[in-house]
Amino acid sequence: TQLLEQSPQFLSIQEGENLTVYCNSSSVFSSLQWYRQEPGEGPVLLVTVVTGGEVKKLKRLTFQFGDARKDSSLHITAAQPGDTGLYLCAGGPGNTPLVFGKGTRLSVIA
Amino acid sequence: DTGVSQDPRHKITKRGQNVTFRCDPISEHNRLYWYRQTLGQGPEFLTYFQNEAQLEKSRLLSDRFSAERPKGSFSTLEIQRTEQGDSAMYLCASSLEGLYSGNTIYFGEGSWLTVV
């Protein structure tokens, strides 16, 4: 069974600070997705990474896929209250249903 | 709106009753997934379809759960004889198999079930 471990589980920071959250697995994934979820809503896709070492930027968010395709990180620069939410990573070894981590719950305080 | 839609968004039912959720995927997507999410957890895979064929079912999907996608378009998830432990958000997602999208799936807004 593949497992995705996300850390930290909770993170509370002040507006303007930078942060990094992590997603790690013992399995190799063909691709990895990051989603953001707000209370009572479904997860919304942020990015998909497929190549080992790949770096993608989405405004103030930077996503990196590990060289071995077993881990990923999400870095947020100058966090804003609107970044508050549950950040989920998900992956799969191939053309199979995605496995999700438990998420990192981020709270950005104004 | 051409995203994944789910109905109802919220359902409160008494223990022992049956409930049914409906999902309409993104129109050109041939794969449809059902996940369940409880508080403090990430989504857990239940089952998925490619067109009308149900390709995989999780061990989480007990005999009281049944999912269908009769014409390869919308899908229903029925829970019979509901139990309090069934209380969760039921998420539907869809994807286009064969597109180089890195196995990316797109979620609906979810259907909240509360069993009292």
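Residues numbered from 1 in each chain as written. Chains lettered and ligands numbered in written order. Predicted model: local features only at pLDDT ≥ 70, side-chain atom pairs only at ≥ 80, totals over all residues. Heavy atoms only, no water.

Q: Explain the state of the cysteines to me, please; I cannot follow it from the model alone.
A: By definition, a disulfide is the covalent link that joins the sulfur atoms of two cysteine residues. All names here are of chain B. With the rule as written, the count across this model stands at two disulfides over all chains. Each sulfur in the disulfide pair C23 and C92 lies 1.8 Å from the other. With the S-S dihedral at roughly -70°, the linkage between C23 and C92 falls on the left-handed side. Linking C23 in strand β3 (residues 19–24) with C92 in strand β9 (residues 88–95), this pair joins segments that are 69 residues apart in sequence. Neither C23 nor C92 differs from the other in exposure class; each is buried. (Disulfide = S-S within 2.5 Å. Helix = DSSP H or I, 4+ residues; strand = E, 2+ residues; numbered from the N terminus. Buried < 20%, exposed > 50% of the residue type's maximum accessible area, 1.4 Å probe, protein only.)

Q: Whenever I open this one, the environment of S107 of chain A confuses me. Can you help?
A: Residue and element names in this part refer to chain A. Within the secondary structure, S107 is located in strand β11 (residues 104–109). Once the C-alpha coordinates of S107 and A79 are considered, the two residues, 28 residues apart in sequence, prove to be 9.6 Å apart. Beyond its immediate sequence surroundings of up to four residues, S107 is in contact with L11, S12, I13 and T84. (Contact = heavy atoms within 4.5 Å.)

Q: How should the nonpolar core be read in this particular structure?
A: Membership of the largest hydrophobic core comes to 20 residues, with the highest contact counts inside it found for L19, L32, W34, L74, I76 and L106 of chain A. For this core, the elements supplying multiple residues, two or more each, are β3 (19–24), β4 (31–37), β5 (44–49), β7 (61–65), β8 (71–76), β9 (85–92) and β11 of chain A. When residues no more than four places from it in sequence are discounted, the contact partners of L74 of chain A are L19, T20, V21, W34, L61, T62, F63 and Y87 of chain A. Residues V19, I26, A67 and V115 of chain B belong to the second largest nonpolar core, which totals 19 residues. (Core = buried A, V, L, I, M, F, W, Y, C linked by side-chain atoms within 4.5 Å.)

Q: How do you make sense of the pairing of strand β6 (residues 53–57) of chain B when you look at a structure like this?
A: Successive side chains on a regular strand alternate, one facing one side of the sheet and the next facing the other. Residue and element names in this part refer to chain B. Both strand β5 (residues 44–50) and β6 contribute to a ladder of four bridges, which runs antiparallel. Opposite T47, over in β6, you have K57 as the bridge partner. Between β5 and β6, which pair antiparallel in sequence order, lie two residues; one of them, N51, sits at a positive phi of approximately 55°. (Pairing = 2+ DSSP bridges.)

Q: Looking at this structure, I do not really get unusual backbone geometry. What am I missing?
A: Excluding glycine, most residues fall at negative phi; most peptide bonds, likewise, are trans. Look at the link from S7 of chain A to P8 of chain A: it is a cis peptide, with omega at -10°. If you trace the backbone, P8 of chain A turns up in the loop between β1 (5–7) and β2 (10–14). The phi dihedral of A78 of chain A falls on the positive side, at around 50°, and the residue is not glycine. Note that A78 of chain A resides in the loop between β8 and β9. Since its relative accessible area comes to 30%, A78 of chain A is described here as partly exposed. Its identity as a non-glycine residue notwithstanding, N51 of chain B has a phi of 55°, on the positive side. Along the chain, the position of N51 of chain B falls in the loop between β5 and β6.

Q: So what exactly am I meant to see when it comes to the side chain of S25 of chain A here?
A: All names here are of chain A. As for its placement among the helices and strands, S25 is situated in the loop between β3 and β4. Here the side chain of S25 touches L3 through a polar contact of 3.0 Å, landing on its backbone oxygen. Among all residues touching S25, those that are not within four sequence positions of it are L3, L4 and K70. (Polar contact = N/O pair within 3.5 Å; in protein donor to acceptor, adjacent residues only side chain to side chain.)

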